[in-house]
Amino acid sequence: MGSPHARRPSPLVGGPEGSDAPKSQARGRGETSAGAKGASGAEPGRTACSGFGAGLGAGRVLDPGHREPEAPPWEPPPPVPAPFPSLLWGPRGGGAVGRLGPLSAAWVLCPPSGLCPQRVSGVALSPGHQCGNGQCSHLRGGGRLGSVPRRVAPSDHNRAMGTALVYHEDMTVARLLWDDPECEMECPERLTVALEQLRRRGLEQRCLRLAAREASEAELGLVHSPEYVAMVRGTQGLGKGELQALSGQYDTVYFHPSTFHCARLAAGATLQLVDAVLTGAAHNGLALVRPPGHHSQRTAANGFCVFNNVAIAAEYAKQKHGLHRILIVDWDVHHGQGTQYIFEDDPSVLYFSWHRYEHGRFWPYLRESDADEVGRGHGRGFTVNLPWNQVGMGNADYVAAFLHVLLPLAFEFDPELVLISAGFDSVIGDPEGQMRVTPECFAHLTQLLLVLARGRVCAVLEGGYHLELLAESVCMTVQALLGDPAPPLLGAMVPCGSALESIQRVRAAHAPHWTSLQHQDMAPVLSPSIGSPEARPPPRPPAGAEYMVAAATEAVEALRALLDQLRLRPLPPVRTAIALTSTDVALVLPPGVLHQEGSAPREETEAWARPHEALVRDEALTALGKVSSGIAATPALATAATLDVAIRRGLYLGAQRLLCVAVGQLQRPPHLSDDGRILWLDIGGPEAAALSMFHVSVPLPGATGGLLNCVLGLVLPLAYGFQPDVVLVALGPAPGLHDSHSALLASMLRGPAGGRVLALVQESKPQLTGALARALHGEAPPSLGPCSAASPKDTQALKHLREQLEPKWRMLQVAVTSPGSLQSAEGELFAPQN
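Thresholds, definitions, all that
Residues numbered from 1 in each chain as written. Predicted model: local features only at pLDDT ≥ 70, side-chain atom pairs only at ≥ 80, totals over all residues. Heavy atoms only, no water. Axes fitted to C-alpha atoms, helices over the stretch in contact; angles between N-to-C directions. Helix = DSSP H or I, 4+ residues; strand = E, 2+ residues; numbered from the N terminus. Parallel < 35°, antiparallel > 145°, perpendicular 65-115°, else oblique. Left-handed = near helix turned anticlockwise from the far one by under 90°. Contact = heavy atoms within 4.5 Å. Phe/Tyr/Trp six-rings, centres within 6.5 Å; stacked < 30°, edge-to-face > 60°. Buried < 20%, exposed > 50% of the residue type's maximum accessible area, 1.4 Å probe, protein only. Pairing = 2+ DSSP bridges. Polar contact = N/O pair within 3.5 Å; in protein donor to acceptor, adjacent residues only side chain to side chain. Salt bridge = Lys/Arg side-chain N within 4 Å of Asp/Glu carboxyl O. Expected span 1.5 Å × (residues − 1). Arc of directions from axis to C-beta. Disulfide = S-S within 2.5 Å.

A look at the packing of helix 8 (residues 395-413) against helix 16 (residues 704-722)
Part 1 of the reasoning: Running from N to C, helix 8 and helix 16 point in directions that differ by 160°, and their axes come no closer than 10 Å. Considering the angle they form, helix 8 stands roughly antiparallel to helix 16. Note on packing geometry: the crossing formed by helix 8 with helix 16 is right-handed. Contact residues: V399, L403, H404, L407, P408 and F411 in helix 8; L708, L712, G713, L716, P717 and Y720 in helix 16.

Right, here's the structure in full:
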């Protein structure tokens, strides 16, 4: 960082009303954007296509005149040795390989947007196929048992248009008119490069496009003073010299004659997105806007921000749509102090921000950015600051912060809407953040937020100054909003000691205010951040040339790794498939789910309920295409055998690591070894026990709060630490979970395995099967509503397990217990090799 210049005196730059605390100081930004101004020179909106179904790859864009070759002639599948439905996966590099067994002669594929399933490579269709209006039925002849094809009704949730994308080209007009190294990185190319990449990936074409409108001055007045709005309006008639002089009165801000128009469009685009989501026109969406907003205060522009887009949207949602609980997640690398000041005494808005802080040595140099700032008055406990006190934080640190801080509070808060201040300057290679988060991590963070508020999530662009990686991060976020599986996170998932210390401090600060953090035996805080301005160390000097070269190299490697993942592990043509043993008219599925159904004699199926070695090696199981996730419904007596064969088949196909989550009365197969390939997690065991590093048992929690503590504090940390190729979720006899709880578990387990999840359920449970299908297909699980607190017994059981497992599974840790504790366990950690 550059040396801070003197704080610019201005009556408009100050603390919140009634406060003497300083609210801004000079922004010592010495760096300039290291990003180039574009990606490849390919023509946007066009992708070459060769071969049957090649045009429907993950995110590919088809030329308007594109025509696919005709599908090859249909041939009946080879015989299968037993009447068993299975959906089984190979290793990550080979995609998800699925076979929907011999129990049915009917296939139902209902693709969204009226796409003909003949464009889905690997799915054989009968010659008599007809497609229309997005509702298709495909009769597959030659089946031994036979069945009648039927139309699957779409769920109500899927009748909306999906993901909205709000943008207006006028937001690229405002630009810096004079030399200012601090401001030049906030440039119009931030929008154009991101939009071009969305088009190249075919993501824009899958969204509901909305043209932004200008916010009215009354709407701006929801959070800004009339005098401030009038001042910004007046910039339209100023000359270059006057604009530069006015800009100098604020902290790292530049004005342009079009700033008022652009800033009104940015705020209006955010409001338009909120309207679309809250009226049901879209499930979720992204507002691609500039200028950003989260630093802007009631009476002052600040840090490139003119109007506080997200804060205006929150007030708008409360006043126009009658909402009472709104969660704002600010994942920009800078503290959004403007948003914090606006809502610091408001209990209807839960504001969460993680940000580069370095004990107060990073902009905006505010005491209010530290972990012990929790809000004021009625808003105490509703401001959550997670300060990062060193640079270089990576994926594991950010995921751990979500699991151990944000999500426990968010579920307890039970928001009706989630607003994301989506800054991408923590991505690796960004000159501002100097962090090491990879673009695909933002897909995981988005997926974790989509389980809240019935999936009503609105992301609004804030910062991000490495152009290529900004564009990739935007694409990852939109891909997650669309329901696509997130690419697996590469590298060991081990939070650093500084991150654990920050997590420990914020949990301790908020334990008095949140039930979900109480009774968890908080460890004492070792070294609090420097609080008083007098004791604060001086700001860091700007990053040297050596660091910038190293950061640029890391950015190139991260970008190459992501592109390799997208090329070698494309999205499967079928996202979700279901195999059932019998037809059930009560089953409601989302469009796009590949569905097999049929009826086999019960005695024939139950007689087969034992491990079948020949089936494990039979290549006939891989006859049908590729799928990402699936559900197999079997008779109760066959559930254990089904799980056993699924494990064997996954290992046979080359999966290196399988996570098995068994819920209910299911015994671990005796042949499983503790060689690191299989992690068995039993939810519903008789007692809490870590029988080995790879065999964990925990009683089923009795309350919703206990279940959430178990999922967020045990299941997901183990899953992200293990980094499985496949997740098997088996709901055995007497699982003891509500359908909504099962759907939540399946939905949240999509992330660690890149979407490869197989759920095994008992037959004759259409509501459960439908809920799982929607969750695995990318829809938001049902809302859990207000959460009852975990019982002391459940809390103690979880604490007992964590104490046993934390030394080897570092994603479980939430505190640094001693200065040498992290190093002492280093040699015993499980660190999978990708």
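Re unusual backbone geometry
Part 1 of the reasoning: Omega for the bond connecting R290 with P291 falls within 30 degrees of zero, at 0°, which places this linkage in the cis form.
Part 2 of the reasoning: Structurally, the position occupied by P291 is in the loop between strand 6 (284-287) and helix 6 (309-321).
Part 3 of the reasoning: P364 follows W363 through a cis peptide bond whose omega is 10°.
Part 4 of the reasoning: Inspection of the secondary structure puts P364 in the loop between strand 8 (349-356) and strand 9 (383-388).
Part 5 of the reasoning: Positive phi, normally seen in glycine, also occurs at E358, with a value near 50°.
Part 6 of the reasoning: Of note, E358 is situated in the loop between strand 8 and strand 9.
Part 7 of the reasoning: Backbone geometry places Q434, a non-glycine residue, at a positive phi of 55°.

Description of the packing of aromatic side chains
Part 1 of the reasoning: One pass over the structure, following the stated rule, counts 17 aromatic pairs.
Part 2 of the reasoning: Seen from their ring centres, W331 and F442 are 5.5 Å apart, and the 50° between their planes marks the pair as tilted. Of this pair, W331 sits in the loop between strand 7 (326-330) and helix 7 (337-343) while F442 sits in helix 9 (residues 439-449), and the two are 111 residues apart along the sequence. Here W331 matches F442 in class, with each residue buried.
Part 3 of the reasoning: With a centroid separation of 5.4 Å and 45° between ring planes, the pair formed by W388 and Y398 is classed as tilted. A residue pair is termed long-range when its members are at least 10 positions apart, and W388 in strand 9 and Y398 in helix 8 qualify at 10 residues.

Description of the sheet that holds strand 5 (residues 208-211)
Part 1 of the reasoning: One open sheet accounts for eight strands, arranged 5-4-6-11-10-7-8-9; its pairing is parallel. Since the sheet does not close on itself, it has two edges, and those belong to strand 5 and strand 9, each with one partner. Geometrically, the sheet is characterised by an average inter-axis angle of 15° between neighbouring strands, direction not taken into account.
Part 2 of the reasoning: When strand 10 (residues 417-422) meets strand 11 (residues 457-461), the two strands line up parallel, connected through five bridges. Bridge assignment links S421 to a residue of strand 11, and that residue is V460.
Part 3 of the reasoning: The sheet strands contacting helix 1 (residues 189-200) are strand 4 (163-167), strand 5 and strand 11, and the helix crosses strand 4 at an angle near 145°.

Section: the environment of A311
Part 1 of the reasoning: Checked against the element boundaries, A311 lands in helix 6.
Part 2 of the reasoning: Here the alpha-carbon distance between A311 and S421, two residues 110 residues apart in the chain, equals 9.6 Å.
Part 3 of the reasoning: Beyond its immediate stretch of four places on either side in the chain, A311 contacts V223, I342 and F343.

Brief notes about the environment of D430
Part 1 of the reasoning: Within the secondary structure, D430 is located in the loop between strand 10 and helix 9.
Part 2 of the reasoning: Residue classification places D430 among the buried positions, given a relative accessible area of 1%.
Part 3 of the reasoning: Not counting residues within four places of it along the chain, the set of residues in contact with D430 comprises F424, D425, G464, Y465 and H466.
Part 4 of the reasoning: Among the polar contacts listed, one links the side chain of D430 to the backbone nitrogen of G433, at a separation of 3.4 Å.
Part 5 of the reasoning: Here the side chain of D430 touches H466 through a polar contact of 3.2 Å, landing on its backbone nitrogen.

A closer look at the pattern of salt bridges
Part 1 of the reasoning: Counting across every chain of the model gives 22 salt bridges.
Part 2 of the reasoning: Between R264 and E214 there is a salt bridge, with its nearest N and O atoms 3.5 Å apart. Within this pair, whereas R264 is found in helix 5 (residues 259-278), its partner E214 is found in the loop between strand 5 and helix 2 (217-220), the two being separated by 50 residues in sequence.
Part 3 of the reasoning: Classification of R264 as buried rests on a relative accessible area of 17%.
Part 4 of the reasoning: By relative accessible area, which is 30% here, E214 ends up partly exposed.
Part 5 of the reasoning: Residue K799 pairs with E803 through a salt bridge whose shortest N-O separation is 2.5 Å. In this pair, K799 and E803 both sit in helix 19 (residues 792-805), four residues apart, roughly one turn of the helix.

Some remarks on helix 19
Part 1 of the reasoning: Over its 14 residues, helix 19 extends 20 Å from the first C-alpha to the last, a length consistent with the 20 Å expected when each residue adds 1.5 Å.
Part 2 of the reasoning: Within helix 19, burial applies to D794, T795, A797, L798, L801, R802 and L805. For helix 19, the angular spread of buried residues about the axis comes to 160°, placing them on one side. In helix 19, the exposed positions angled more than 90 degrees off the buried face are occupied by P792 and K793.
Part 3 of the reasoning: Buried residues along helix 19 sit in contact with helix 8, strand 17 (689-692), strand 18 (695-698) and helix 16.

Brief notes about the state of the cysteines
Part 1 of the reasoning: Evaluation of the coordinates by the stated rule reveals zero disulfides.
Part 2 of the reasoning: Sulfur of C207: no disulfide; nearest cysteine sulfur belongs to C475 and is 10.0 Å away.
Part 3 of the reasoning: Judged by its relative accessible area of 11%, C207 is buried.

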